[in-house]
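# Architecture and fold: a report
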Amino acid sequence: MSTAPGARTGSGLYVPGYVRDHDTHPPLDYSDYNSTALRHPKRPLTLLPHTLTEVTSPVLGHERLGELDHDLTRQHEGEPQGQRIIVHGRVRDSDGAPVPHTLVEVWQANAAGRYRHTGDNWPAPLDPYFTGVGRTMTDGEGRYRFLTVRPGAYPWKNHRNAWRPAHIHFSLFGQAFTQRLVTQMYFPDDPLFFQDPMWNSVPDEEARERMVARFDYGSTEAEWALAYRWDIVLRGRGQTPFESEEEIVEDEE
Amino acid sequence: MSTYPTTPSQTVGPYLHIGLPWPDGPFAVAEGTPGAVWIRGTVRDGAGEPVTDALVETWQADPDGRFDHPADPRGARAYPGLRAFGRCPTDGEGSYGILTLKPGTVPGPGGGQAPHIDVSVFARGMLNRVVTRLYFPEEETANAADPVLRAVGDRAARATLVAAAAPDGYRFDIRLQGEGETVFFDI
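Summary of the structure given here. These numbers were taken from a predicted model, which means no experiment stands behind them.

### A look at the overall build of chain A
Helices and strands together make up the secondary structure of chain A, namely 3 helices and 14 strands. By its C-alpha atoms, chain A is 65 × 45 × 35 Å across when sized along the principal axes. Burial statistics for chain A: of 253 residues in total, 42% are counted as buried. In chain A, the proportion of contacts linking residues at least 24 apart, taken out of those at least 6 apart, comes to 72%.

This is the structure in C-alpha cells:
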C-alpha cells in the first residue's frame, strides 16, 4: 500500500479497491445451462479500476422493511404448509469483518416447489398462505435471521428430467457496489446436485459447498422450528481489520 | 490476503419478480423533481431479441459528484430527495426506465471522471450480473478525458457506453451479446 485510503495525490483521488474473486464465481458462458447461450458477452470484460463509484453503495435503512418481512410464515391469515425452518447466519467480508446494517432480500418456492409467479405453472399446488418473499437488515454484527418453510424441489426444462435442488434466492448489497451479490442457498446433501447446472457451474468444489447451509441443531426451537445456518462472504479489501483472527472466528451467539 | 473465501454468485432465475422489484425502485428521485431525467432503454440478447425477464440496477453520484456513503473522503452527505440507486425489471418489450438526477463529476485516480452511472444487469441465463457504465452524450470533453472510457480502445465499443439524448432524458440500450455488444466491465 503506497497510497493511504482516500488520499488525494496530485490531481487524483485514490480509494482502496476490493479483491477480485473471479475463481469463486461461475462463468457467464456455461453451455450446460442452456439459457446462457445468448445472454453472455462474447467480448472479454474490460478491467474497471475501483473508483469512488465502485466503493460506495446505497445506504438503505429499515424504512424498506415491513414488520413481518423477516417471517415468511406470518404474512397471511393462516400458516403455510411445510416444514417450518429458521435460516440465519452472518454476513462478512473476505477480510473477516462483519457487514452490518445491510439489506438481505430472499425469495423462494413454497413447500411443494412452486413459486407464486405467473410464469410458474407446473402442476404443484400454490399455497394461499405463502408468498415466498422476505427482507431483513443485518444487525450491527452482520447477523440476519428469517423464519420460513423449507422450499420444495421443482422441475424445469433445461435437460431431460431436470430438477432444481431446493434453494432460497438471496440478494445482498454489502457496503460497496463491488460487493453486490445475488446467489442461492442450498440444503445439505441434496441428491439433485449432480444434475443441476447452476450448482455445477461453480468451478471449484469447495466454493460450491459454500452455497450449502448447515443444519444447526443448536439454533432449533423446541416444538417449533428446525434451523439452518448459512454464512455469506462478500468481497473484502484484502486488508486485515482485526488484530487477531481468533477474535472473528469465535462467533457462538 | 483473503481470510474467508467468498460466496459464489448464482442466477436470479426466472422468478426474480416476486422478490426483487420495489414499487419505488425506478424512482431514484420522485416524479416532479426539478432536473429529473428518465434513463430508458431496452435489453437485448445475442439474437437481438428483447430480454423480458431482466433486472437493471443503477448507482451513481449526486449532481455535485458526491456520495451519501462513509467511503467518500469528503464525508457522507445526503442529497435531498435522491436515493442515487435505481432498480427496474424489464417489461414485455425488454425495456426499463429509471428516473434520476444527472450525476456530477466524480474524483478519480487520474483527476476527475466524467459524469457516469454504474449499471448492473441480472437475468435468468446469467450466472452472475454484468456491469457497464452509462456516460452522457453532451459531455464530449469530459468523456474524451475519462480514464475508463479511454481504456476502451475500440471507438465503436466505446460508443456503447454513451447514452443518447431523448426528449425526457436519455436512452441507454444494452446489448448482452452480438452486434453492438455493450462493453461490460470486470469489477
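### Quick notes on the overall build of chain B
Along its length, chain B carries 3 helices and 12 strands. For 187 residues, the compact-globule formula gives about 16 Å, and the C-alpha radius of gyration of chain B, at 17 Å, lands near that figure. With respect to the three principal axes, the spread of C-alpha positions in chain B is 50 × 40 × 35 Å. Within chain B, buried positions represent 49% of all 187 residues.

### Brief notes about the interface of chain A and chain B
Taken together, the contacts link 73 residues of chain A with 63 residues of chain B. Among the elements of the structure, strand 2 (12-13), strand 3 (46-47), strand 5 (103-108), strand 10 (167-172), strand 11 (181-186), helix 1 (197-201) and strand 14 (232-234) of chain A are those that each provide at least two residues to the side of chain A that touches chain B. Residue composition of the side of chain A that touches chain B, grouped by class: 33 nonpolar, 26 polar and 14 charged. Both strand 3 of chain A and strand 12 (residues 185-186) of chain B contribute to a ladder of 2 bridges, which runs parallel. By the bridge assignment, Leu47 of chain A is partnered in strand 12 of chain B with Asp186 of chain B.

### Remarks on the nonpolar core
Membership of the largest hydrophobic core comes to 101 residues, with the highest contact counts inside it found for Val121 and Phe122 of chain B. With 5 residues, strand 7 (residues 116-123) of chain B is the single largest residue contributor to this core. Beyond its immediate sequence surroundings of up to four residues, Phe122 of chain B is in contact with Val182 of chain A together with Val12, Leu16, Ala54, Leu55 and Arg129 of chain B.

### Considerations on the environment of Tyr129 of chain A
Residue and element names in this part refer to chain A. Relative to the assigned elements, Tyr129 resides in the loop between strand 5 and strand 6 (133-137). Since 18 C-beta atoms lie within 10 Å of it, Tyr129 is described here as partly exposed. Along the backbone, Tyr129 and Ile232 are 103 residues apart, and their C-alpha atoms lie at a distance of 29 Å. Not counting residues within four places of it along the chain, the set of residues in contact with Tyr129 comprises His76, Glu77, Gly78, Glu79 and Pro80.

### Quick notes on the sheet that holds strand 6 of chain A
All names here are of chain A. Taken together, 4 strands build an open sheet; the order of strands is 6-5-10-11 and the sheet is antiparallel. Because the sheet does not close on itself, it has two edges, and the strands there are strand 6 and strand 11. Across the sheet, the mean angle separating the axes of adjacent strands is 20° when strand polarity is ignored. Inspection of the sheet shows strand 10 paired to strand 11 by 6 bridges, in the antiparallel sense. Bridge pairing in strand 11 places Ser171 opposite Val182.

### Some words on the pairing of strand 4 (residues 84-93) of chain A
Residue and element names in this part refer to chain A. Counting buried positions along strand 4 yields 8 of 10 residues, so the element is predominantly enclosed. Strand direction decides the pairing type here: strand 4 and strand 13 (residues 226-229), joined by 4 bridges, are parallel. Paired with Ile85 across the bridge in strand 13 is Leu226. Pairing geometry for strand 4 and strand 14, over 3 bridges, is parallel. The partner of Arg92 across the bridge, within strand 14, is Val233.

### A closer look at the sheet that holds strand 7 of chain B
All names here are of chain B. A sheet is described by the order of its strands in space; here 4 strands give the open sequence 3-2-7-8, paired in antiparallel fashion. Strand pairing shows two members of the sheet lacking a second neighbour, strand 3 (85-89) and strand 8 (130-135), which therefore form its edges. For this sheet, the mean angle separating the axes of adjacent strands, direction not counted, is 20°. Pairing analysis gives 5 bridges linking strand 2 (residues 54-60) to strand 3, with the strands arranged antiparallel. Among the inter-strand pairings, Leu55 is bridged to a residue of strand 3, identified as Pro89.

Procedures and definitions
Residues numbered from 1 in each chain as written. Chains lettered and ligands numbered in written order. Predicted model: local features only at pLDDT ≥ 70, side-chain atom pairs only at ≥ 80, totals over all residues. Helix = DSSP H or I, 4+ residues; strand = E, 2+ residues; numbered from the N terminus. Buried ≥ 20, exposed ≤ 12 C-beta atoms within 10 Å, placed from the backbone. Contact = placed C-beta atoms within 7 Å. Rg over C-alpha atoms; globule rule 2.2 N^0.38 Å. Nonpolar A, V, L, I, M, F, W, Y, C, P; charged D, E, K, R; others polar. Pairing = 2+ DSSP bridges. Core = buried A, V, L, I, M, F, W, Y, C linked by C-beta atoms within 7 Å. Axes fitted to C-alpha atoms, helices over the stretch in contact; angles between N-to-C directions.

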